[in-house]
Amino acid sequence: PICTITHERSHGRGEDHQRCVLPKMPKVRSDGGNTKAPTPLKKNATVLDKIVYTIRTLRSGPKGSSRAAISKYLQTELEYKNPSAFKLALKKGVSNGTLVQDGQSFRVAVDPIIQAEEEEESLRIDDVKDGCGDKEASVGNKVTVSYTGKLDDGTVFDRSTSFAFLLGGGDVIKGWDRGVVGMKEGGKRKLVVPPKLGYGKRGSKPDIPPNATLHFTITMKKIAE
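Source: prediction; values computed, not measured. The numbers attached to residues start from 1 for each chain and follow its sequence in the written order. Side-chain atom pairs in this predicted model are given and counted only at pLDDT of 80 or more, local residue features only at pLDDT of at least 70, and totals for whole chains, interfaces and linings cover all residues. Values shown for side chains rest on all heavy atoms present in the structure; no hydrogens or waters enter the calculation.

Chemist: Pulling in residues and values, what's your account of the overall build of the chain?
Modeler: Helical segments are the DSSP runs of H or I of at least four residues, strand segments are the runs of E of at least two, and each set is numbered from the N terminus. A tally of regular secondary structure across the chain gives 4 helices and 10 strands. Burial classification: accessible surface area is computed with a 1.4 Å probe over protein chains only, and a residue below 20% of its type maximum counts as buried, one above 50% as exposed, and the rest as partly exposed. A buried classification covers 41% of the 225 residues belonging to the chain. Contacts are assigned to residue pairs that have any heavy atoms within 4.5 Å of one another. Counted over contacts in the chain with a minimum sequence separation of 6, partners at least 24 positions apart contribute 65%. With an accessible surface of roughly 12,500 Å², the chain has 47% of that area assigned to carbon and sulfur atoms. Residue burial considers only the protein chains on display, and all accessible areas are found by Shrake-Rupley using a 1.4 Å probe.

In structure tokens form, the structure reads like this:
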């Protein structure tokens, strides 16, 4: 959710569908101004150079930036689209000591670890309908949901009838990774995500303005191990 909306054509049906990629929201930092600013990229920059630049630009917290967030930034901001070379560059960066990997997140080895501040605003959760069964969504589950996302004025900025992601894997904003935990299949939940758990001061052009509070209605369709 809350991400860049792309349009795809369904195979064989000729229909347009909306699909969005959900990067993890960069955390608010308390690093005393010690985090190294990204050096401007040279024309002959390698893929690893671009990855280091991206991580330093996103400044996403103690673990670094998620693989999904790095990939999205490379595609949208640096116009780089080569998944195979991206994967190899990450592997090379870890093996030669340029990058440190923590799960699916990466940080620059020589940079100080960024510490996240305490969030001043909290996530609001309202269970509209209880789900069925004993299985509850937890970190590490692959979940499939349908959802609608709105701004404070009621503008719909995103929706999907079927979206799957790894809960707690950093593929989505922090408000989602926290707010979907505990849902059961068939359950329906409303989330009010404050800016610091969403897209913060930067927003996500063109649909989400800076400092936006986001309103989601989410239905849990499937929970897989």
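Chemist: A description of a positive patch on the surface should follow, citing residues and the corresponding values.
Modeler: A patch consists of residues whose relative accessible area exceeds 30% and which take part in no salt bridge; residues with like charges are grouped when within 9 Å of each other, and nonpolar side chains (Val, Leu, Ile, Met, Phe, Trp, Tyr) when within 5 Å. Every case where a carboxyl oxygen of Asp or Glu lies within 4 Å of a side-chain nitrogen of Lys or Arg is listed as a salt bridge. By the counting scheme adopted, Arg and Lys are positive, Glu and Asp are negative, and His together with the chain ends is not counted. Every charge is mapped onto a representative atom, which is NZ of Lys, CZ of Arg, CG of Asp or CD of Glu. On the surface, Lys129, Lys150, Arg159, Lys188 and Lys190 cluster together to form a positively charged patch. Looking at where lysine 188 falls in the secondary structure, it is placed in strand β9 (residues 188-193). For lysine 188, a relative accessible area of 32% puts it in the partly exposed group.

Chemist: Let's hear about the sheet that holds strand β10 (residues 214-224): which residues, and what values?
Modeler: For two strands to be treated as a pair, DSSP must find at least two bridges joining them. Read across the open sheet, the 5 strands follow the order β6-β9-β10-β7-β8; overall the sheet is antiparallel. Each edge of the open sheet carries a strand with a single partner, namely β6 (124-129) and β8 (156-166). Each strand axis lies, on average, 20° off the axis of its neighbour in the sheet, ignoring direction. Between N-to-C directions, angles cover 0 to 180 degrees, with each direction set by a line fitted to C-alpha atoms, over the stretch in contact for helices.

Chemist: Describe in detail the environment of glycine 103, supporting the description with residues and values.
Modeler: As for its placement among the helices and strands, glycine 103 is situated in the loop between β4 (99-102) and β5 (105-108). Taking the C-alpha atoms as reference, glycine 103 lies 8.7 Å from serine 66; in sequence the two are 37 residues apart.

Chemist: Pulling in residues and values, what's your account of the packing of aromatic side chains?
Modeler: Centre distance within 6.5 Å is the pairing criterion for rings of Phe, Tyr and Trp, where only the six-membered ring of Trp is used; planes under 30 degrees apart are then read as stacked, over 60 as edge-to-face, and the remainder as tilted. Going through the model one piece at a time under the given rule, you end up with 7 aromatic pairs. An angle of 65° between the planes, with centres 6.5 Å apart, marks the rings of tyrosine 147 and phenylalanine 216 as edge-to-face. You can see tyrosine 147 sitting in strand β7 (residues 142-150) and its partner phenylalanine 216 sitting in strand β10, a full 69 residues away along the chain. According to the relative accessible area criterion, tyrosine 147 is buried, its value standing at 2%. The buried category is assigned to phenylalanine 216, whose relative accessible area is 1%. Plain terms: the ring middles of phenylalanine 157 and phenylalanine 216 are 5.8 Å apart, the flat faces sit at 85° to each other, and that makes the pair edge-to-face. In this pair, phenylalanine 157 sits in strand β8 while phenylalanine 216 sits in strand β10, placing the two residues 59 residues apart along the sequence.

Chemist: Give me the pairing of β4: which residues, what numbers.
Modeler: Pairing analysis gives 4 bridges linking β4 to β5, with the strands arranged antiparallel. In the sheet register, leucine 99 faces β5, and the bridge partner there is valine 108. In this structure, the hairpin formed by β4 and β5 is closed by a connection of 2 residues, where glycine 103 is found at a positive phi of approximately 65°.

Chemist: I'd like to hear about the sheet that holds strand β3 (residues 65-66), residue by residue, with values.
Modeler: Strand order in the open sheet formed by 3 strands is β3-β5-β4, and the pairing between neighbours is antiparallel. This sheet does not close on itself; its edge strands, each paired only once, are β3 and β4. Where β3 and β5 come together, 2 bridges link them in antiparallel fashion. Bridge pairing in β5 links serine 66 to serine 105.

Chemist: A description of the packing of helix α1 (residues 47-58) against helix α3 (residues 83-95) should follow, citing residues and the corresponding values.
Modeler: It is the contact of α1 with α3, at a shortest axis distance of 9 Å, that shows an interaxial angle of 75°. Judged by the inter-axis angle, α1 sits roughly perpendicular to α3. Between α1, through Val47, Leu48 and Ile51, and α3, the contact on the second element is made entirely by Ala85, Phe86, Ala89, Leu90 and Gly93. Residues are sorted three ways: Asp, Glu, Lys and Arg are charged, Ala, Val, Leu, Ile, Met, Phe, Trp, Tyr, Cys and Pro are nonpolar, and all the rest, Gly among them, are polar. Looking at the contact of α1 with α3 residue by residue, the class counts come to 7 nonpolar, 1 polar and no charged. Angles below 35 degrees are treated as roughly parallel, those above 145 as roughly antiparallel, those between 65 and 115 as roughly perpendicular, and all remaining angles as oblique.

Chemist: Could you give me a rundown of the nonpolar core, with the residues and numbers involved?
Modeler: Within the largest apolar cluster, 26 residues are counted, with the highest numbers of intra-cluster contacts made by Phe165, Trp176, Phe216 and Ile218. Listed by contribution, the elements that provide at least two residues to this core are β7, β8, β9 and β10. No other element matches the 5 residues that β10 contributes to this core. In this structure isoleucine 218 touches Val145, Ser146, Tyr147, Trp176, Val180, Met183, Gly187, Lys188, Arg189 and Leu191, once residues within four positions along its chain are discounted. Here the nonpolar core consists of buried residues drawn from Ala, Val, Leu, Ile, Met, Phe, Trp, Tyr and Cys, with membership extended through side-chain atoms lying within 4.5 Å. Grouped together as the second largest cluster of nonpolar side chains are 14 residues, Ile70, Leu74, Leu90 and Leu99 included.

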